[in-house]
Amino acid sequence: MYIETHLKNMPTFETDRLILRKVTVSDLEDVFEFSSDPEVAKRMTWEKNDSKEETLANFLQPTLDGYNQGQSGVWAIVCKKNKKVIGTCSLVAWSNEHEKAEIGYVLNRNFWGDGIATEALQEVLTYAFGTLQLNRIEGGCDVDNIGSEKVMLKAGMSFEGVLRKNERIKGEFRDTKIFSILKSEFDSVPA
């Protein structure tokens, strides 16, 4: 079965602290809060958002439109304690032929360093290797993004190497560290 078929009916996940669900228009305020933070956007390929209209036009609306076609693999990360959307975790750039996908995530700075991104990523990996039956998940981060690197390592991903000057971030070509995990490795990680 194709990944797109599954993503048309994206499931909601629940962990001890989080709910992972589709984003909605009503999430605009929360999403704008972290996407307008220059520290959050610092090592991302996108610029910080200067208005809610920008967040709606460049992220929320395309994501919502993509759900109907199975082209959006974006989960809102909702903090159970306060019902606030504190980030997103996504499957992107997937290939049905090669049974692989990339992961991406972004988190409100007020929640950095608390294991939230790793907790969300674990749920998405479980779905990717279980329901979607993918063979490989990969992720990348800027060489200076130590927090993101720690998230992938804690989720059981392995460092593969560095892609030199492969992305332009804030007008400068930057190196990207690449991490991956295979289904066989994920299945053998103790819960």
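Whatever comes next refers back to the structure up there.
The following paragraphs examine the structure supplied in this document. Only a predicted model underlies this, so the values are computations on that prediction, with no experimental measurement involved. Counting restarts for each chain, with residues numbered from 1 along the sequence as it is written. This being a predicted model, a pLDDT of at least 70 is required before a residue's local features are given, and a value of 80 or more before pairs of side-chain atoms are given or counted; all residues contribute to the totals for chains, interfaces and linings. To get the side-chain values, take all heavy atoms of the structure and skip hydrogens and water.

## Observations concerning the pairing of strand β5 (residues 100-107)
Item 1. Each pair of strands is called paired provided DSSP finds at least two bridges between the two strands. A run of H or I in DSSP becomes a helix once it reaches four residues, and a run of E becomes a strand once it reaches two; helices and strands are each numbered from the N terminus. For strand β4 (residues 84-95) and β5, the ladder comprises seven bridges, and the chain directions are antiparallel. Directly across from Ser-95, in β5, lies its bridge partner Lys-100.
Item 2. Linking β4 to β5, which pair antiparallel, is a turn of four residues; within it Glu-99 sits at a positive phi near 50°.
Item 3. Note: β5 against strand β6 (residues 136-142), three bridges, orientation parallel. What sits directly across from Glu-102, in β6, is Glu-138.
Item 4. In the classification by handedness, the crossover that spans β5, the intervening helix α5 (residues 116-129) and the parallel β6 is right-handed. Crossovers are described as right-handed under a simple rule: with the strands pointing away from the observer, the path leading from the first strand over the helix to the second runs clockwise.

## Description of helix α4 (residues 52-69)
Item 1. Given a helix with a known number of residues, its expected span is that number minus one, times 1.5 Å. A rise of 1.5 Å per residue sets the reference length of α4, with its 18 residues, at 26 Å; its end C-alpha atoms lie 25 Å apart and thus fit the reference within 8%.
Item 2. At Leu-60, α4 shows its largest kink, close to 35°, and the proline Pro-62 lies no more than four residues downstream.
Item 3. Residue exposure (1.4 Å probe, protein chains only): buried if accessible area is under 20% of the type maximum, exposed if over 50%, otherwise partly exposed. Every buried residue of α4 is listed here: Thr-55, Leu-60, Thr-63, Leu-64, Gly-66 and Tyr-67.
Item 4. Whether two residues are in contact is decided by their heavy atoms, any of which lying within 4.5 Å being enough. Buried-residue contacts for α4 involve α1 (3-7), α2 (28-35) and β3 (74-79).
Item 5. A positive backbone phi angle near 70° is found at Gly-70, which sits one or two residues after α4. The seven residues ending at a residue and the seven starting there each receive a fitted axis; the angle between those axes is the bend at that residue.

## With respect to the side chain of Glu-119
Item 1. If you trace the backbone, Glu-119 turns up in helix α5.
Item 2. Among the polar contacts listed, one links the side chain of Glu-119 to the side chain of Arg-17, at a separation of 2.7 Å.
Item 3. Once residues within four sequence positions are removed from consideration, Glu-119 is found in contact with Thr-15, Asp-16, Arg-17 and Leu-18. Residues adjacent in sequence count toward polar contacts only when both atoms are side-chain atoms; beyond that, a polar contact is any pair of N or O atoms within 3.5 Å, and within protein one must be able to donate a hydrogen and the other to accept it.

## Let's talk about the sheet that holds β4
Item 1. What the eight strands build is an open sheet, ordered β1-β2-β3-β4-β5-β6-β8-β7; its pairing is mixed. The open sheet has two free edges, formed respectively by β1 (13-14) and β7 (158-169), since each of these has just one partner strand.

## Quick look at unusual backbone geometry
Negative phi is the rule for most residues except glycine; trans is the rule for most peptide bonds.
Item 1. Backbone geometry places Glu-99, a non-glycine residue, at a positive phi of 50°.
Item 2. Topologically, Glu-99 is positioned in the loop between β4 and β5.
Item 3. Owing to a relative accessible area of 40%, Glu-99 belongs among the partly exposed residues under this scheme.
Item 4. At Lys-170, a residue that is not glycine, the phi angle is positive and equals roughly 55°.

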